[in-house]
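Tertiary structure, described
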Amino acid sequence: MTSRFFAVISLTLILSCKTYTIPVDSFLEQMKKANSENTKDVEINNPLTFGKIKYSSNNIDRIIVSDKTGLEMYLNNSPALEMRVTHKNGKKFIIYFDTAIIENNILKGGRSRFVQGLNREIPMDSIVKIEIQDGGKKFDYQN
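Residues numbered from 1 in each chain as written. Predicted model: local features only at pLDDT ≥ 70, side-chain atom pairs only at ≥ 80, totals over all residues. Heavy atoms only, no water.

Considerations on the confidence of the model for the protein
Considering every residue of the protein, the mean pLDDT works out to 83; 82% of them sit at 70 or more. Taken element by element, the predicted model of the protein shows its lowest mean pLDDT in helix α1 (residues 2–16) (48) and its highest in strand β1 (residues 19–22) (95). In this model, residues 5–15 is a region of pLDDT below 50 whose contacts with residues beyond four sequence positions or in other chains number zero contacts. (pLDDT = per-residue confidence, 0-100. Helix = DSSP H or I, 4+ residues; strand = E, 2+ residues; numbered from the N terminus. Contact = heavy atoms within 4.5 Å.)

In structure tokens form, the structure reads like this:
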């Protein structure tokens, strides 16, 4: 009974997350100014404790994405946005969008909010697909 309950909840969460795509060329163009020289220090709430998490964020306010019907729209940057990057070989990697920067044609970004320094580096020429979704995590920027 318990496993059915968790299966239904998991399926609901997966189906309720809207996923958007960004062509790789469009992503590169929109992220031109997102590099290590243009980051800002931010704080977000830690939903597991009452503390805060500090890290460097890119300077992107919003990004143009396409929904599943191809309709373009703006998606505001948020600490809950996750990027799923697909390589030519089919492997998929997830990083948080607000940590994504591009340096020397390499996409760099944070894989975890809780373990600082756990980053991913992906050559842009190996990427075939970029998807962004709100992971539904309760992360919010703190003022």
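Some thoughts on the pairing of strand β9 (residues 106–110)
Across three bridges, strand β8 (residues 101–103) lies against β9 in antiparallel orientation. Within β9, the position partnered with Glu103 by the bridge is Ile106. Adjacent in sequence and paired antiparallel, β8 and β9 are bridged by two residues, among which Asn104 carries a positive phi angle near 50°. Two strands pair when backbone bridges link them, and β9 and strand β10 (residues 119–123) are joined in this way by five bridges, in the antiparallel orientation. Considered in β10, the bridge of Ile106 is made with Pro123. (Pairing = 2+ DSSP bridges.)

What to know about the pattern of salt bridges
One pass over the full model with this rule turns up four salt bridges. Across the salt bridge formed by Glu131 and Arg84, the nearest N and O atoms sit 2.8 Å from each other. Linking Glu131 in strand β11 (residues 127–134) with Arg84 in strand β6 (residues 81–87), this pair joins segments that are 47 residues apart in sequence. Classification of Glu131 by relative accessible area gives buried; the value is 9%. For Arg84, a relative accessible area of 23% translates into the label partly exposed. Across the salt bridge formed by Glu103 and Lys108, the nearest N and O atoms sit 3.0 Å from each other. One salt-bridge network, in which partners are shared between bridges, spans Arg84, Lys129 and Glu131. (Salt bridge = Lys/Arg side-chain N within 4 Å of Asp/Glu carboxyl O. Buried < 20%, exposed > 50% of the residue type's maximum accessible area, 1.4 Å probe, protein only.)

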